Each structure stands twice: as C-alpha cells, then as structure tokens.
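# Tertiary structure, described
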Amino acid sequence: MWRAVATGHVRHADAVRVHAGLRHGFTAGVDVARLAGHRWFKNYKSALEGRGAVTRAVMKRVQTDKTVYLGEWTPQLAEALRTIYRATCIFPMGAVAKPLEPTELRPTSDHTRTGLNAATDLEGLRHSLNAYSEIAWFLQLDHFMRVSDVEAAFPMLPYHPDVWPFVMFRFYASNEATNMGLFCHLFGDFGAAGMPGTFKLFFVDVVVNMARSLNVLTLPMSVYVDDCSLIGPCAVEVDTEMTAFQQWAEAVCGVSFKVIKDRVAATTQLALGFWWDSTTLTRELEERKLLQYMDMLAEYATRESLTLREMQQAAGRMQRMIMTFPPGAAWMIAPLFLLMARLKLPWHRRRTTREVRDNFLYCGRMLGAAMGRGYYSYANFGRAPPVWTDASKSREYTGGGFVSACGRYSFWQYGSRAARKLIDFLEGDTVVYCCQQMAHLWRGCVVTIYCDNRAFQQSGAKGRSRASRLNDLLKELFLLMLKYEFIIEWLWISTNDNVDADHLSRDRESDFLESVYKSGCWSSDTEPIRLVGAGAKRVLPEKRGTPPPEPVPSLNPNAAAFEPVNMDALTYIKRAQAAGGSPYQAPAPPP
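A short tour of the structure in this document, coming up.

### Section: the overall build of the chain
When its secondary structure is counted, the chain shows 19 helices and 25 strands. Each principal axis of the C-alpha distribution contributes one length, and for the chain these read about 90 × 55 × 40 Å. Counting every position in the chain, which comprises 591 residues, the buried fraction comes to 52%. Residue pairs at least 24 apart in sequence account for 76% of intrachain contacts in the chain once pairs closer than 6 positions are excluded. Of the roughly 27,600 Å² that the chain leaves accessible, carbon and sulfur atoms contribute 53%. Averaging the positions of the 67 positive and the 59 negative side-chain charges in the chain gives two centres separated by 7 Å.

Right under this line is the structure:
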C-alpha cells in the first residue's frame with residue numbers, strides 16, 4: 001500500500017485511514033458520543049418468518065468470527081448491559097431474499113431505527129455512484145465486459161470496539177432454541193450508513209489503485225459498491241486480467257470473489273440490473289424487473305395516496321426506468337420528489353396528485369412499448385449543425401431568437417402577456433420554439449444547443465427542474481425528441497459570447513447578419529435562410545407541457561431540399577427494439 005502511495009496511485013490520507021481501520025477497526029463515521037440511553041427493539045416479521053435461513057446466515061458469521069454470540073437473552077444479561085455501558089443499541093433485524101439463492105435470506109440491520117445512522121458523520125465517506133455512466137463511457141462498440149462480485153464485502157471490514165455496543169441484535173442461535181440469544185457484530189453489516197463509503201475507501205481508493213500501481217489492472221473497471229465490471233476490446237484479455245486481479249486481491253489483500261456470480265467477458269452482459277449490448281449500444285432491463293416495475297406503475301397510477309417508503313421505492317425504480325428512455329425524461333420523477341417533502345418516517349402518507357398519477361401511467365406505457373430497452377450511447381447517431389438561442393427582456397422590448405450553423409435563423413417579439421414571464425421561462429420557450437421549427441431536420445442526430453441561461457441549461461441537462469414552469473417546457477422538448485428522434489446536447493455559453501443570438505432576441509437583424517460571419521458561427525460560403533414567420537409576434541400557448549402537434553412552417557425556397565417526413569412518436573422505441581444503430585446522417589448545409 002505504501003509503495004502505491006509513493007508512486008502516486010493511492011492518496012496518503014486514504015492509506016492512513018485504511019491502515020488505522022485495519023489495525024484498530026473502522027468507526028464507519030459513527031460518533032458514539034451522540035448516542036445516549038439504551039435503545040432495544042424487536043425483530044421484524046420478515047426475519048421471524050424466515051427463522052431457519054436467518055439463523056443459518058447468523059451462525060455462519062459466528063463461525064467465521066464476524067459476529068460473537070454473547071449468550072441467551074435473560075433479564076440478568078439485560079441488567080448487565082445497563083450496568084456496564086452508558087448506552088447500547090439492539091437493532092431490529094429483517095430479511096430479504098437472495099436472487100441467485102432462492103432458499104437463502106440475507107439478514108438486514110435497521111440502524112436507522114436505533115439512531116446509529118443519525119449519529120454517523122459521513123464527512124469523507126460521501127461519494128457518487130457513477131458506475132452506470134462509467135460503463136456507458138467505456139463499453140464502446142463491440143467491446144467486452146466481465147462482471148465479478150466481491151464476496152462478503154462489508155463483513156470483511158472490522159468495527160472499532162467503541163462501535164460494538166451499538167451493533168447488537170437478538171435472534172435464535174439454533175432451530176431448536178426456544179429463547180433468543182444476544183449477538184454482537186464485530187465486522188461490518190448491511191444497514192449502517194457509513195459502511196458503503198468505508199468499503200469504497202478500502203476497495204476502490206486503495207485496493208484497486210494498488211493493483212493499478214503494479215499493472216495487475218490496466219483496463220478500465222467500474223465498481224458499484226461490490227460489483228466490478230472490467231471492460232476491454234478483447235475477450236481473452238479481459239478474462240485474463242480479471243482472473244489475475246482476483247488471485248492477486250485474495251493473496252495480498254484477503255479480498256475474495258463470488259464464483260456463483262462471475263460472468264465471463266461478453267458483448268452482451270448482465271450488470272447492475274441491465275443487459276448491456278455493445279454491438280448495438282443499448283441496455284435493457286431484466287425481464288423480472290421489467291414486469292415488476294410495470295406492475296408497480298399500474299398499481300400506483302390508481303392509488304389515491306402513497307407512503308414515504310412507497311414513494312422512495314417508486315422514485316428509485318423510475319430512475320432506473322428512465323435510463324432506458326431518451327435524455328430529458330427525469331421530469332417524470334420531479335412531481336414525486338415534491339410529494340416527499342417534509343415526510344420523515346416510512347409510514348407517513350400523502351395524497352397523490354393527478355400529475356403524479358399521469359406520470360406513472362405515461363412511464364408505464366413508455367416502458368411497455370420499448371420493452372425496457374434504450375440506448376446508453378449515441379455514438380451511432382449523426383451530428384446536426386449546432387444552434388445558439390437567446391431571449392431578452394426589457395421594458396421596451398421582449399423577444400427571442402435562434403441561429404443554426406446551417407444558415408437558418410428566426411426571431412420574434414413576445415406579446416404583452418408573455419413578456420411578463422420570468423426570463424428563464426422565456427429562454428426555455430425559445431429553445432422549445434427552435435426545436436419545433438428545426439426538429440424535422442435533426443432526425444437520427446445529436447444537436448448541440450447553446451443557451452446562456454444557466455437555470456434552463458442545467459435543468460435541460462438533468463431533464464428536470466424544481467420549478468414546474470420549466471418542467472412543462474422540458475416535457476415538451478422530450479415529446480419533440482420522441483416524435484422526431486433526435487437528442488439534445490446542452491452546453492452553456494457566456495452572454496458575452498452569445499452575440500449572434502443576442503442580436504436576434506433584440507430585433508437587430510442587420511447587426512446579426514454582420515456579426516454571424518465574424519464570430520465563426522457561419523462560414524463565408526453559408527447562405528442565410530430566414531425562416532418564414534421571422535420578426536412576427538409570438539403568443540404563448542394557453543397550456544404548456546402537452547402541446548398539440550404543430551405543422552412544420554413553410555421554408556425558404558433555398559431550403560426546399562429539406563422536406564419534413566411524418567413520423568409517429570414511437571420511432572425511438574421502434575429503433576430501440578430493432579437495435580440496429582442509426583442509418584441517418586446530419587443534413588448538410590445548402591450550397
């Protein structure tokens with residue numbers, strides 16, 4: 001480890017923390033001074049109903065010295081705990097099924113109920129799980145991926161002795177026992193808020209980087225908690241390197257891997273709940289999860305109220321569902337987040353709104369139509385000429401405009417009612433109107449849209465906003481992307497650099513035609529194409545979010561080669577089902 005620190009592969013601070021944790025035990029961020037009194041709870045029904053499987057799992061930890069059996073639970077033992085310790089916790093234990101081992105259950109520890117998680121300081125342990133994005137980035141066309149799972153990830157890390165009094169539980173020591181016994185975890189368990197960050201510090205920041213310092217690992221590997229996905233262009237190389245890493249990790253660091261979950265390198269691989277296909281750059285939900293998610297959406301779309309636990313479960317699952325949709329679908333979850341506000345306990349309940357129920361229904365229909373499949377990379381899509389947009393608002397004039405690198409441009413003045421809208425809404429409306437005018441030229445393409453309003457640009461990049469007014473515009477953009485099968489790439493541009501669109505938004509067409517060539521937006525041989533309707537007054541629709549289909553405006557004769565093609569809103573879905581890449585190319589500017 002210290003050699004990896006010397007070579008710069010491992011941070012010194014991380015090495016010091018891991019060394020102290022392995023020597024004296026990890027606190028997992030728990031501040032024991034914030035815990036007071038004796039908080040003892042009964043086990044949950046799921047653990048009691050699966051007594052046999054839970055007992056086997058508990059005694060397996062006892063046999064490997066991960067957990068210690070303190071004796072049969074009696075009033076005398078309870079009094080001894082109160083005498084010896086100023087504060088203790090006996091957490092309620094539950095159980096969940098193991099997908100690959102139907103007859104076994106995984107015990108779960110509810111440290112939230114005892115207050116242990118509330119007393120945990122996650123400073124230095126917080127981290128982002130970027131595995132989905134990393135796989136999408138590294139799993140290029142025709143690349144191979146191998147998946148391995150660390151054996152007993154959290155239980156390999158010891159707890160600091162100060163934490164022991166707060167990780168106790170009661171359960172049966174055998175199937176024949178009539179009274180419960182008292183157990184104490186000596187090593188990590190599932191349920192402590194600080195354990196994921198602690199394991200990430202140990203495995204990702206130290207062990208994996210140690211392997212890289214020795215060239216045991218050279219290929220990119222994405223880690224999601226304890227799931228490892230190694231990616232490379234050659235199947236033999238990927239399998240050989242993962243096998244070498246597993247052998248090295250077990251021999252040097254004591255980290256072993258589950259053979260039952262090992263999957264050899266393939267171009268179509270199951271990882272993190274998706275089937276990833278590098279030959280078509282698509283990912284697809286497992287059939288089991290797809291059916292489960294669709295049943296949940298159908299049920300929740302008719303429910304008048306939901307508990308906080310149900311809303312959290314729905315939000316997590318919808319987050320995974322929209323990963324199979326085009327970018328910009330996160331607006332479906334935003335109203336659900338608003339419903340959770342100020343709810344604290346799992347059984348707290350709130351009435352659902354019509355918008356939330358409609359989003360459940362719409363998400364279910366999208367999911368069913370696409371059969372849970374969508375693109376994780378748009379490398380096979382063409383590139384459309386970029387577009388610059390802007391809106392201005394002042395007492396004298398309020399307007400908007402856009403210009404495309406292909407030569408098309410338009411601008412307009414907002415009516416008196418529209419002029420009273422906030423500037424971020426007007427900036428968003430400008431992007432929506434631009435897409436309505438230009439989308440028929442972008443089929444099968446990724447188009448870069450430059451916007452100088454950070455509020456709407458960042459909302460567009462995320463696909464959702466806290467402001468309902470912006471969410472309505474994002475929904476319109478999403479429906480346009482479905483209808484015309486294009487993808488928006490959002491980029492922010494400084495107002496000082498967005499000169500050309502700024503001229504248009506302020507009704508300075510002559511200045512625009514002069515600056516657009518100097519700025520490099522148009523090349524010297526680009527012919528201006530002024531769209532029909534430019535310079536008119538724009539009246540906003542009465543209702544936003546579900547716009548009626550608008551006819552494509554007639555074009556300048558110079559653009560006669562670009563005729564709109566009628567396509568239904570499920571084109572994206574059909575392509576995702578076919579999974580054959582994009583046959584379309586970005587339209588070239590007119591000569």
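### Regarding unusual backbone geometry
The phi torsion at D65 lies on the positive side, around 65°, for a residue other than glycine. As for its placement among the helices and strands, D65 is situated in the loop between α4 (51-63) and β2 (67-72). Note on D65: relative accessible area 56%, which makes it exposed. Its identity is not glycine, yet A152 carries a phi of approximately 50°, on the positive side. Structurally, A152 is set in the loop between β6 (144-149) and β7 (168-171).

### Structural notes on the side chain of T307
Positionally, T307 belongs in strand β15 (residues 305-307). Setting aside residues up to four positions removed in sequence, T307 forms contacts with P346, W347, H348 and R349.

### Some points on the state of the cysteines
If you walk through the whole model with that rule in mind, you get zero disulfides. C184 takes part in no disulfide bond, and the closest cysteine sulfur, belonging to C89, lies 11 Å away. Relative accessible area serves as the criterion here: at 5%, C184 is assigned to the buried category. Here C434 is not disulfide-linked; the sulfur of C435 is the nearest cysteine sulfur, at 5.2 Å. For C434, a relative accessible area of 0% gives the class buried.

### Brief notes about the packing of aromatic side chains
A complete count under the given rule lists 32 aromatic pairs for this structure. Between W331 and Y362, the aromatic rings sit 6.0 Å apart at their centres with planes inclined by 35°, giving tilted as the arrangement. Of the two residues, W331 is situated in the loop between α11 (308-321) and α12 (334-340) and Y362 in helix α13 (residues 354-370); the sequence distance between them amounts to 31 residues. Residue W331 is classed as buried on the basis of its relative accessible area of 4%. Note on W412 and Y433: the rings are 4.7 Å apart at their centroids and 70° apart in plane angle, and the pair reads as edge-to-face. Taken as a pair, W412 in strand β21 (residues 408-414) and Y433 in helix α14 (residues 423-438) lie far apart in primary sequence, 21 residues in all. Y433 shares its class with W412; the two are buried. Residue placement shows R106 over the ring face of F190; its charged tip is 5.7 Å from the ring centre. Sitting over the face of the ring of F274, R283 holds its NZ or CZ atom 5.7 Å from the ring centroid.

### Some details on the pattern of salt bridges
Counting across every chain of the model gives 24 salt bridges. Across the pair K258 and D149 runs a salt bridge whose closest N-O atoms are separated by 3.8 Å. Here K258 is found in the loop between α9 (235-253) and β11 (263-266), whereas its partner D149 is found in strand β6, with 109 residues between them in sequence. The exposure class assigned to K258 is buried, which follows from its relative accessible area of 17%. Overall, D149 belongs to the buried group, its relative accessible area being 4%. Taking the shortest distance from any N to any O, the salt bridge between D149 and K261 comes out at 3.1 Å. Remark: K261 occurs in the loop between α9 and β11 and D149 occurs in strand β6; sequence separation between them is 112 residues. By relative accessible area, which is 22% here, K261 ends up partly exposed. Connected via shared salt-bridge partners are D429, E476, R538 and R544.

### Description of the nonpolar core
Ranked by size, the top nonpolar core spans 56 residues in total, and within it V150, F199, F202, F203, M221 and F245 carry the most contacts. Here this core takes ten residues from helix α8 (residues 195-213), the largest share from any one element. Leave out the neighbours within four places in its chain, and F203 touches V150, V208, V223, C228, F245, V255 and F257. Counting residues in each nonpolar core, the second largest holds 47 residues, with W276, A314, F325 and A330 among its members.

### Concerning the sheet that holds strand β12 (residues 268-271)
One open sheet holds the four strands; their spatial order is β12-β13-β14-β17, and the pairing between them is antiparallel. Each having just a single partner strand, β12 and β17 (373-375) make up the two edges of the open sheet. Sheet twist, expressed as the mean angle between neighbouring strand axes with direction ignored, is 25°. By the bridge criterion, four bridges tie strand β13 (residues 274-277) to strand β14 (residues 282-285) in an arrangement that is antiparallel.

### Describing the environment of G444
Checked against the element boundaries, G444 lands in the loop between α14 and β22 (445-451). Under the relative-accessibility criterion, G444 is labelled buried at 0%.

### So, the layout of surface pockets
The volume enclosed by the second largest pocket comes to roughly 1,300 Å³. As for the second largest pocket, its lining consists of 43 residues, of which S133, R283, P327, Y376 and Y378 are closest to the centre. Elements represented by at least two residues in the lining of the second largest pocket include exactly α7 (131-138), α11, α15 (454-462), α16 (468-484) and β23 (487-492). Considered class by class, the residues forming the lining of the second largest pocket number 29 nonpolar, eight polar and six charged.

### As for helix α18 (residues 509-518)
For α18, the complete set of buried residues consists of E509, F512, S515 and V516. The buried residues of α18 occupy an angular sector of 125° when the element is viewed end-on, so they sit on one face. Among the exposed residues of α18, those oriented more than 90 degrees off its buried face are S510 and K518.

### Thoughts on the sheet that holds β6
The four strands are arranged β9-β10-β6-β11 in an open sheet whose pairing can be described as antiparallel. The sheet is open, and its two edges are formed by β9 (221-224) and β11, each paired on a single side. The average undirected angle you get between the axes of adjacent strands in this sheet is 15°. Examined bridge by bridge, β6 and β11 share two bridges and lie antiparallel to one another.

### With respect to the packing of helix α2 (residues 12-24) against α8
Packing of α2 against α8 brings their axes to within 10 Å, and their N-to-C directions diverge by 130°. Here α8 runs oblique to α2, going by the angle between their axes. Where α2 crosses over α8, the two elements pack in a sense that is left-handed. Mapping the contact onto sequence places D14, R17, V18 and L22 in α2 and L201, F202, D205 and V206 in α8. For the contact of α2 with α8, the residue count by class is five nonpolar, no polar and three charged.

About the cut-offs
- Residues numbered from 1 in each chain as written.
- Predicted model: local features only at pLDDT ≥ 70, side-chain atom pairs only at ≥ 80, totals over all residues.
- Heavy atoms only, no water.
- Helix = DSSP H or I, 4+ residues; strand = E, 2+ residues; numbered from the N terminus.
- Buried < 20%, exposed > 50% of the residue type's maximum accessible area, 1.4 Å probe, protein only.
- Contact = heavy atoms within 4.5 Å.
- Areas by Shrake-Rupley, 256 points an atom, 1.4 Å probe, with all protein chains shown as cover.
- Lys, Arg positive; Asp, Glu negative; His and termini not counted.
- Charge placed at Lys NZ, Arg CZ, Asp CG, Glu CD.
- Disulfide = S-S within 2.5 Å.
- Phe/Tyr/Trp six-rings, centres within 6.5 Å; stacked < 30°, edge-to-face > 60°.
- Lys NZ or Arg CZ within 6 Å of the ring centre and 35° of its normal.
- Salt bridge = Lys/Arg side-chain N within 4 Å of Asp/Glu carboxyl O.
- Core = buried A, V, L, I, M, F, W, Y, C linked by side-chain atoms within 4.5 Å.
- Pairing = 2+ DSSP bridges.
- Axes fitted to C-alpha atoms, helices over the stretch in contact; angles between N-to-C directions.
- 1 Å grid on protein atoms, 1.4 Å probe; cavity = no way out; pocket = protein on both sides within 12 Å on 5 of 7 lines; lining within 4 Å.
- Points joined across faces, edges and corners; volume = space filled by probe spheres on them.
- Nonpolar A, V, L, I, M, F, W, Y, C, P; charged D, E, K, R; others polar.
- Arc of directions from axis to C-beta.
- Parallel < 35°, antiparallel > 145°, perpendicular 65-115°, else oblique.
- Left-handed = near helix turned anticlockwise from the far one by under 90°.

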